[in-house]
Amino acid sequence: MLKSSFAQRSAVTWSLAGALAATWGAAWGAEAVRVPVVSVGAQSVTTGMEMDGVVEPIKQSSVSSQASGRVSALLVKAGDLVKAGQVLATVDDRETQTGVQRSQAQLVQSDSEMRNAQLNLARARDLQAKGFVSQAALDTAELQFKSAQAGRDQAGAGARQSALSQEFTRVTAPYDGYVSDTLVQAGDLALPGKPLLNMYAPTAYRVVVHVGVSQMASTRAAAHLEVQLPAASGGEWVKPVGQQWMPAADALSQTLQWRIDLPNLAHTPWVPGQQVRVRFVAGVAQRMALPATAVLRRGELTAVYVAGGPGFVMRVVRLGSQVGAGQVEVLAGLSAQDRVALDPVQAGLLGAQPATATSHK
């Protein structure tokens, strides 16, 4: 009895599955998906050597204190936007405050001595005019006044130096920019020349490329250079506004450094430390290319759907670099005049058929 009931349920299930399959097949046959295709052909692309470079700001600084002492407060953190003259950190200023007080006291003392010498000189001149003192006494009074005047100037310079040392305990931003990282905490010892933090100005960037000595001749012979924008900004190739190569090679890596100044764009896509592609363009050649939107990427698989027979056939391809706005070079896997689906997702549906082909230039 149990076996008979199970057999009946299985028969009903397979009948429903067959009916659904027939219904879906009819639906697919009635509404076949038409996918636009493009005829693959050769087009002019730039040739040359591509390398990786690292973006860095042109204006960057390691900010340190000009005074010695403990860091009493660190007022910024990594990522903060600061203005020129803004206080970034303070150093313990008790010693410098003592110096300021001492110099002020010396200034008051020297000022009093100069005033006293000035009065003595005036009296000596008056008495010498009346014949009560000799010329030697007047000369002595004049020398004493000049000495007191010099002492007063020296005390004034000491007061200004003490005030400047007091100002050095306040570490300020040299220009508008971002704090990239901090190197100390409150309580650490600050010394002249010891960096407290690093900062940069987000106004201009460059790409640094390390080229092997053996490749230097090829890169210097390039017609021009191009830098690829990040994928989020379109991935297009742009020309730099300047370039410079360092004439000395690194002794360990045996590489020379290229510095490529990047253009200032409306929405700057550059981020310090970002890796970008740099192309040393040697010339122009005919290469096979197709729209990047036609490429299906699944993990390490790179393929396209090629029109063949009643529908589409998936074909694995090997791609090169981007060669234009939304275009990618095809190194292997396709031949001239192959018709490739522009929408690989739609082309992978059951019953999808190619629409009228358009030429690709």
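Residues numbered from 1 in each chain as written. Predicted model: local features only at pLDDT ≥ 70, side-chain atom pairs only at ≥ 80, totals over all residues. Heavy atoms only, no water.

Draft legend 1. Here's a closer look at the sheet that holds strand β7 (residues 170–172). Here four strands make up an open sheet; going across it, the order is β7-β6-β4-β9 and the pairing antiparallel. Edge positions in the sheet fall to β7 and β9 (189–190), since each of these pairs with one other strand and no more. (Pairing = 2+ DSSP bridges. Helix = DSSP H or I, 4+ residues; strand = E, 2+ residues; numbered from the N terminus.)

Draft legend 2. Focus on the side chain of T219. Inspection of the secondary structure puts T219 in helix α4 (residues 216–220). Among the polar contacts listed, one links the side chain of T219 to the backbone oxygen of M216, at a separation of 2.8 Å. Dropping the residues within four chain positions of it, T219 is found in contact with M49, M51, V211, W258 and F280. (Polar contact = N/O pair within 3.5 Å; in protein donor to acceptor, adjacent residues only side chain to side chain. Contact = heavy atoms within 4.5 Å.)

Draft legend 3. Inspection of the packing of aromatic side chains at higher detail. Taken as a whole and judged by the stated rule, the model has two aromatic pairs. Taking the centre distance of 5.5 Å and the plane angle of 70° together, the rings of W258 and F280 count as edge-to-face. On the criterion of sequence distance, the pair formed by W258 in strand β15 (residues 255–261) and F280 in strand β16 (residues 275–291) is long-range, its members being 22 residues apart. Of the two residues, W258 and F280, both sit in the buried class. Between the NZ or CZ atom of R279 and the centre of the ring of W237, over which it lies, the distance is 3.9 Å. (Phe/Tyr/Trp six-rings, centres within 6.5 Å; stacked < 30°, edge-to-face > 60°. Buried < 20%, exposed > 50% of the residue type's maximum accessible area, 1.4 Å probe, protein only. Lys NZ or Arg CZ within 6 Å of the ring centre and 35° of its normal.)

Draft legend 4. Summary view of helix α2 (residues 94–129). Helix length check: α2 (36 residues) gives 53 Å between terminal C-alpha atoms against 52 Å at 1.5 Å per residue, within 8%. Taken together, the buried positions of α2 are T96, G99, S103, L107, S110, D111, M114, A117, L121 and A124. Buried residues along α2 sit in contact with α3 (135–167). Once α2 finishes, G131 follows within two positions and takes phi at roughly 85°, a positive value. (Expected span 1.5 Å × (residues − 1).)

Draft legend 5. Structural view of unusual backbone geometry. Phi at Q254 is positive, roughly 55°, even though this residue is not glycine. Tracing the backbone through its elements, the reader meets Q254 in the loop between β14 (242–245) and β15.

Draft legend 6. Fine view of the side chain of S110. Tracing the chain through its elements places S110 in helix α2. For S110, a relative accessible area of 7% puts it in the buried group. Beyond its immediate stretch of four places on either side in the chain, S110 contacts A148, G151, R152 and A155.

Draft legend 7. Looking closely at the nonpolar core. Of all hydrophobic cores here, the largest spans 21 residues; its most connected members are V207, V209, V227, W270 and F280. Taken together, the elements giving at least two residues each to this core come down to β2 (41–57), β11 (205–212), β12 (224–228), β15 and β16. The element that contributes the greatest number of residues to this core is β11, accounting for four residues. Contact partners of V207, with chain neighbours within four places excluded, come to G53, V54, V55, V227, W258, R259, I260, L262, V276 and V278. (Core = buried A, V, L, I, M, F, W, Y, C linked by side-chain atoms within 4.5 Å.)

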